[in-house]
Amino acid sequence: MNDAVIIEAVRTPVGKRGGTLSGVHPADLSAHILTSIADRTGIDPAVVDDVVWGCVGQVGEQALDIARNAVLSAGWPESVPGTTVDRQCGSSQQAVHFAAAGLIAGQYDVVVAGGVESMSRVPIGASTPNGEWAYGEGYRERYEGRLPNQGWGAEEIARRWGLSRAQLDEFSLSSHDKAATAQDQGLFDAEIAPVTLADGTVVGRDEGIRRGGTQEAMARLRPAFDENGMITAGNSSQISDGASGVLMTTSAKAAELGRTPLARVHTAVLAGSDPFIMLTAPIPATEKALTRSGLKIDEIGVFEVNEAFAPVPLAWLADLGADPGALNPNGGAIALGHPLGGSGTRLLATMVHHMRRNNIRYGLQTMCEGGGQANATIIELL
């Protein structure tokens, strides 16, 4: 039976909205990942059967199948196809799931999975300037005219799980502290492919990390969604620009190509939950992944749970009982940023390189997604 292994995992630095990567077209940002993968592995791009690319805002510069446009922008052979995936924030994690399924089924021998989002150039919500357009009569009738809002969802999680504003802010400060330490120690260097701008400037570091924050300063931030609420810009993920990707194949094909895999996709599952609270599906997705894999929570050595809002990983931690020290050990989206379609493989790249440094056998990543969904993926170090 075929398996699905990861040969390389790479990402751009994550840029702030309006920051240094905002001048780079998202197809070119994606092409940079493809070029970096080929350079790092020595793989001839002509052997790639498909490029499966996550992107949420598939409009404007990210429209017309950005996966294919990235392939052509990278100068790869015209024979290499590409397809673009939207599972909201989990789009590039879903790209990995599709790639793994294709490899195991024998439809692919070599595939690149990843994603991109340039939120500076294609603002969040650009594909639905009136958000109500996305919901038909059947949806409205089922939910009595209610429309989902992720800010409301984050507030509701904080209330239902009994989380205080101080807890949310403390978790967020910790994310920045961990990310700053990782950056200072060079722990991101192996996963980052620096981007050279048109003026020759080389961007090699994540821009969103803030240092020296305090609980007092965080407490002064005003709620973003509910004037009496707890969710602020400080305990939410950042609007960001970035791309990431992984080269995947089978163990047999890797041997044929003379490449040593880093890890294999052990288990890949999905879950759905209430679309209005929206952000809780990582909990059942993780439970499903553990059940399907036969692994116990304490056999997993690292967890990457996307920090869309601080209540998301905190509620996940409360329900799953995982080791808090194994959760997002190098910080998360609150500090590093959340370039929507590129976040899934950003988490994966960070997790795989962390597993290699620390000889961790199993890692699990999961993230909340629009519509009340979640992917969960267990990776095994090889």
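Residues numbered from 1 in each chain as written. Predicted model: local features only at pLDDT ≥ 70, side-chain atom pairs only at ≥ 80, totals over all residues. Heavy atoms only, no water.

Chemist: What am I meant to see in the overall build of the protein chain here?
Modeler: Across its full length, the protein chain holds twelve helices and twelve strands. For 382 residues, the compact-globule estimate of 2.2 N^0.38 gives 21 Å, and the C-alpha radius of gyration of the protein chain, at 20 Å, lies within 12% of that figure. Oriented by its inertia axes, the alpha-carbon framework of the protein chain measures out at about 60 × 50 × 45 Å. Expressed as a percentage of the 382 residues in the protein chain, the buried residues total 57%. When the accessible surface of the protein chain is summed, it comes to about 15,000 Å², and 48% of that surface belongs to carbon and sulfur atoms. The average position of the 29 basic charges and that of the 43 acidic charges among the side chains of the protein chain differ by 3 Å. (Helix = DSSP H or I, 4+ residues; strand = E, 2+ residues; numbered from the N terminus. Rg over C-alpha atoms; globule rule 2.2 N^0.38 Å. Buried < 20%, exposed > 50% of the residue type's maximum accessible area, 1.4 Å probe, protein only. Areas by Shrake-Rupley, 256 points an atom, 1.4 Å probe, with all protein chains shown as cover. Lys, Arg positive; Asp, Glu negative; His and termini not counted. Charge placed at Lys NZ, Arg CZ, Asp CG, Glu CD.)

Chemist: Please explain the side chain of Asp206 as it appears in this structure.
Modeler: Within the element layout of this structure, Asp206 appears in the loop between strand S7 (202–203) and helix H7 (215–219). Note on Asp206: relative accessible area 6%, which makes it buried. What Asp206 contacts, discounting residues up to four positions off in sequence, is Arg11, Pro13, Val14, Gln183, Phe188, Ile192 and Leu336. (Contact = heavy atoms within 4.5 Å.)

Chemist: In this structure, what is going on with the state of the cysteines? I would like to understand it.
Modeler: In a disulfide, the sulfur atoms of two cysteines are covalently bonded to one another. Applying the stated criterion across every chain yields a total of zero disulfides. Cys89 takes part in no disulfide bond, and the closest cysteine sulfur to it belongs to Cys368, at a distance of 6.1 Å. Taking the relative accessible area as the measure of exposure, Cys368 reaches 2% and is therefore buried. (Disulfide = S-S within 2.5 Å.)

Chemist: Would you explain the nonpolar core in this entry?
Modeler: By size, the foremost hydrophobic cluster in this structure holds 41 residues, and its most contacted members are Leu168, Leu279, Ile300, Phe303 and Trp316. Broken down by secondary-structure element, the contributors of at least two residues to this core are helix H5 (150–160), helix H6 (165–184), strand S9 (263–272), helix H9 (282–293), strand S10 (302–305), helix H10 (311–320), strand S11 (362–369) and strand S12 (373–381). It is H10 that provides the largest number of residues to this core, a total of six residues. Excluding its chain neighbours within four sequence positions, the residues that come into contact with Leu168 are Ala158, Leu163, Met230, Ile231, Asn235, Ala310, Pro311 and Leu314. Residues Ala31, Cys55, Ala74 and Val110 belong to the second largest nonpolar core, which totals 34 residues. (Core = buried A, V, L, I, M, F, W, Y, C linked by side-chain atoms within 4.5 Å.)

Chemist: Any chance you could explain the packing of helix H3 (residues 91–105) against helix H12 (residues 343–358) here in plain terms?
Modeler: The N-to-C vectors of H3 and H12 enclose an angle of 70°; their axes lie 4 Å apart at closest approach. In terms of orientation, H3 and H12 fall into the roughly perpendicular class. Along its contact with H3, which presents Ser92, Gln93 and Val96, the element H12 presents Ser343, Gly344, Thr345 and Leu348. Residues belonging to the contact of H3 with H12 are distributed by class as follows: two nonpolar, five polar and no charged. (Axes fitted to C-alpha atoms, helices over the stretch in contact; angles between N-to-C directions. Parallel < 35°, antiparallel > 145°, perpendicular 65-115°, else oblique. Nonpolar A, V, L, I, M, F, W, Y, C, P; charged D, E, K, R; others polar.)

Chemist: Explain the pairing of strand S1 (residues 5–11) here, please?
Modeler: Within a regular beta strand, the side chains point alternately toward one face of the sheet and then the other, so they alternate between its two faces. Extensive coverage of S1 is indicated by the burial of seven of its seven residues. The pairing of S1 with S9 spans two bridges and is antiparallel. Among the inter-strand pairings, Ile6 is bridged to a residue of S9, identified as Ala263. Pairing geometry for S1 and strand S8 (residues 240–249), over six bridges, is antiparallel. Following the sheet pairing, Val10 is matched in S8 by Gly245. (Pairing = 2+ DSSP bridges.)

Chemist: Is there a simple way to think about empty space enclosed by the protein in this case?
Modeler: In this approach a probe as big as a water molecule rolls over the atoms, and the regions it shows empty are the leftover space. Per the stated rule, a full pass over the model turns up one cavity of 30 Å³ or more. Counted as a void, the largest cavity has a volume near 30 Å³. Every element with two or more residues in the lining of the largest cavity is listed here: H9 and H10. Taken together, the residues of the lining of the largest cavity break down into seven nonpolar, one polar and no charged. (1 Å grid on protein atoms, 1.4 Å probe; cavity = no way out; pocket = protein on both sides within 12 Å on 5 of 7 lines; lining within 4 Å. Points joined across faces, edges and corners; volume = space filled by probe spheres on them.)

Chemist: I'm lost on the environment of Asp274 in this one. Help?
Modeler: Its place among the elements puts Asp274 in the loop between S9 and H9. Classification of Asp274 as partly exposed rests on a relative accessible area of 34%. Between the C-alpha atoms of Asp274 and Gly372, which are 98 residues apart in sequence, the distance is 5.5 Å. Of the polar contacts made by the side chain of Asp274, one reaches the backbone nitrogen of Phe276; its length is 2.7 Å. (Polar contact = N/O pair within 3.5 Å; in protein donor to acceptor, adjacent residues only side chain to side chain.)

Chemist: For this particular structure, what's the right way to read the packing of H9 against H10?
Modeler: Relative placement of two packed helices is described by the angle separating their axes and the distance separating the axes. Viewed as axis vectors pointing N to C, H9 and H10 meet at an angle of 45°, and their least axial separation amounts to 9 Å. Of the possible angle classes, the one that applies to H9 and H10 is oblique. Relative to H10, H9 is oriented so that their crossing is right-handed. On H10, the residues touching Pro282, Ile283, Thr286, Glu287 and Leu290 of H9 are Ala315, Trp316, Asp319 and Leu320. Considering only residue class, the contact of H9 with H10 consists of six nonpolar, one polar and two charged. (Left-handed = near helix turned anticlockwise from the far one by under 90°.)

Chemist: Please explain the pattern of salt bridges as it appears in this structure.
Modeler: Oppositely charged side chains can form a pair if their charged atoms are brought close together. Within this structure, the stated rule accounts for eleven salt bridges. Residue Arg40 pairs with Glu8 through a salt bridge whose shortest N-O separation is 4.0 Å. With Arg40 in helix H1 (residues 26–41) and Glu8 in strand S1, this pair connects stretches of sequence that are 32 residues apart. Between Glu380 and Arg361 there is a salt bridge, with its nearest N and O atoms 2.9 Å apart. Taken together, the residues span a long stretch of sequence, with Glu380 in strand S12 and Arg361 in the loop between H12 and S11 at a distance of 19 residues. Judged by relative accessible area, Glu380 falls into the buried class, the value being 8%. Sharing partners across several salt bridges, the network here consists of Arg11, Glu191 and Asp206. (Salt bridge = Lys/Arg side-chain N within 4 Å of Asp/Glu carboxyl O.)

Chemist: What is the right way to look at the packing of aromatic side chains in this model?
Modeler: The geometry of two aromatic rings is summed up by the distance between their centres and the angle between their planes. Counted under the stated rule, the structure contains six aromatic pairs. Seen in terms of ring centroids, Tyr135 and Tyr139 are 4.6 Å apart; in terms of plane orientation they differ by 50°. Their pairing is tilted. For Tyr135, a relative accessible area of 24% gives the class partly exposed. Residue Tyr139 is classed as partly exposed on the basis of its relative accessible area of 23%. Seen in terms of ring centroids, Tyr139 and Phe276 are 6.4 Å apart; in terms of plane orientation they differ by 50°. Their pairing is tilted. Note that Tyr139 is positioned in helix H4 (residues 137–142) and Phe276 in the loop between S9 and H9, a separation of 137 residues in sequence. (Phe/Tyr/Trp six-rings, centres within 6.5 Å; stacked < 30°, edge-to-face > 60°.)

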